[in-house]
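Reading the structure
Each chain, written out:
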Amino acid sequence: MKQKYDVTAIGELLIDFTMNGTSEQGNPVFEANPGGAPCNVLAILKKYGKEAAFIGKVGDDQFGKMLKATLEEVGIDTEGLLMDRDTHTTLAFVHTAPDGDRSFSFYRKPGADMMLTKDEINYELIDRADIVHFGTVSMTDEPSREATKAAVLYGKEHGKLISFDPNLRPPLWKSLDEARAEIAWGLEQADIVKIADNEIEFMTGEKAMDRAIDKLRAMYPVKLLLVTLGRDGSVAVYKDEKVFVPGFIQENTIETTGAGDTFGGSVLAYMTEHDIDALTKEQLKEMLTLANAGASLITTRKGALRVMPEKEEILALASKEI
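Residues numbered from 1 in each chain as written. Predicted model: local features only at pLDDT ≥ 70, side-chain atom pairs only at ≥ 80, totals over all residues. Heavy atoms only, no water.

Our next topic: the layout of surface pockets. In this structure, the second largest pocket encloses a volume near 190 Å³. A per-class count over the lining of the second largest pocket returns five nonpolar, no polar and four charged. (1 Å grid on protein atoms, 1.4 Å probe; cavity = no way out; pocket = protein on both sides within 12 Å on 5 of 7 lines; lining within 4 Å. Points joined across faces, edges and corners; volume = space filled by probe spheres on them. Nonpolar A, V, L, I, M, F, W, Y, C, P; charged D, E, K, R; others polar.)

What follows is the structure, given as structure tokens:
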């Protein structure tokens, strides 16, 4: 019998070069961390003991081979990962501000992750999954945009739960209008949406969070909407419930890379064990507390994919609130 998956994700897999001090000459030193939001989500799912598969493309180069080996190391199925001989693996340089927030410089014109075609998708990995997860970095350019949409629509047609993270990265888009249109497409497809406070403002034009949430829900039929508020915490909006849980503040936060992905993956892990049509207010609070705890822990580490917190660490921190 073939392996079943809790979540199959499609999208980008790349190298995040994160700042790691300065050299003796005073030059910034960058560390090559495996990254890419969809695989960060899958990596934390593995920590929860879930089964995960990835669909995407990397270059047939040193970094691509490193990324494939890393996925195998953390237990993510790489059957759907292709190696492109003609295009290099995408690189992202993450510049961290003193408060831990980030900005990005991408080397991706093109990058191998953009070159996945819909004919190259291993649709069997979707057949064998309960949830299909995606974001918009794979929707900035063709042919990966068409491939991502084909995978999502195939999942919907076959009764899979659809999970979406807008993951807005303005430097990657030709225009913000195009970004808004593609995020709107994702919101129209999704059952579960994890969206950051700046992204919901971007999509609704509303600065007041309650008004932004109400406007987004009126526009899109999302079953479970999760809004992350950075260090302030998060909100779950479900049917007539709107639940807020404050964040866990870490004194030793280094950077926020992967925090949203850890949050989102924790939510998906929770949803593999609960019925999306029958969630209670208490369950929403428990889910947010676990997700906030996981997101908080990852901010104390450099990188994300390889250094996700253990389930026991998350439960220990979350137990202070649950």
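Right, let's talk about the environment of His95 for a bit. If you trace the backbone, His95 turns up in strand β6 (residues 91–96). A relative accessible area of 30% places His95 in the partly exposed class. Along the backbone, His95 and Ala147 are 52 residues apart, and their C-alpha atoms lie at a distance of 30 Å. (Helix = DSSP H or I, 4+ residues; strand = E, 2+ residues; numbered from the N terminus. Buried < 20%, exposed > 50% of the residue type's maximum accessible area, 1.4 Å probe, protein only.)

All right, on to unusual backbone geometry then. In this structure, Pro110 follows Lys109 across a cis peptide bond, with omega equal to -5 degrees. Summarising the element assignment, Pro110 is placed in the loop between β7 (102–107) and α3 (124–127). Note that the residue after Glu142, namely Pro143, is joined by a cis bond; omega there is 5 degrees. Take Pro143: it is sitting in the loop between β8 (129–135) and α4 (144–157). Backbone geometry places Asn167, a non-glycine residue, at a positive phi of 45 degrees. Checked against the element boundaries, Asn167 lands in the loop between β9 (161–165) and α5 (176–189).

A word on the pattern of salt bridges. Following the criterion strictly, the structure yields 24 salt bridges and no others. The shortest N-O distance in the salt bridge between Arg108 and Asp113 comes to 2.8 Å. When its relative accessible area of 2% is taken as the criterion, Asp113 is described as buried. In this structure, Arg180 engages Asp177 in a salt bridge whose closest nitrogen and oxygen atoms are separated by 3.2 Å. Here Arg180 pairs with Asp177, and both are found in helix α5, just three residues apart, close to one helical turn. On the basis of relative accessibility, which here comes to 29%, the residue Arg180 falls in the partly exposed class. What makes Asp177 exposed here is its relative accessible area of 59%. Members of the salt-bridge network, linked through shared partners, are Lys2, Glu79, Glu124 and Arg128. (Salt bridge = Lys/Arg side-chain N within 4 Å of Asp/Glu carboxyl O.)

Mapped onto the elements of the fold, Asn40 is located in helix α1 (residues 37–47). The buried category is assigned to Asn40, whose relative accessible area is 2%. Put simply, Asn40 and Gly258 are 218 residues apart on the chain and 6.6 Å apart in space, counted from C-alpha to C-alpha. Setting aside chain neighbours within four positions, we find Asn40 in contact with Gly35, Gly258, Asp261, Ala304, Leu305 and Met308. Side chain to side chain, Asn40 and Asp261 meet in a polar contact 2.9 Å long. In terms of polar contacts, Asn40 uses its side chain to reach the backbone amide nitrogen of Leu305, at 3.4 Å. (Contact = heavy atoms within 4.5 Å. Polar contact = N/O pair within 3.5 Å; in protein donor to acceptor, adjacent residues only side chain to side chain.)

In short, shape yes, function no, at least from these values alone.
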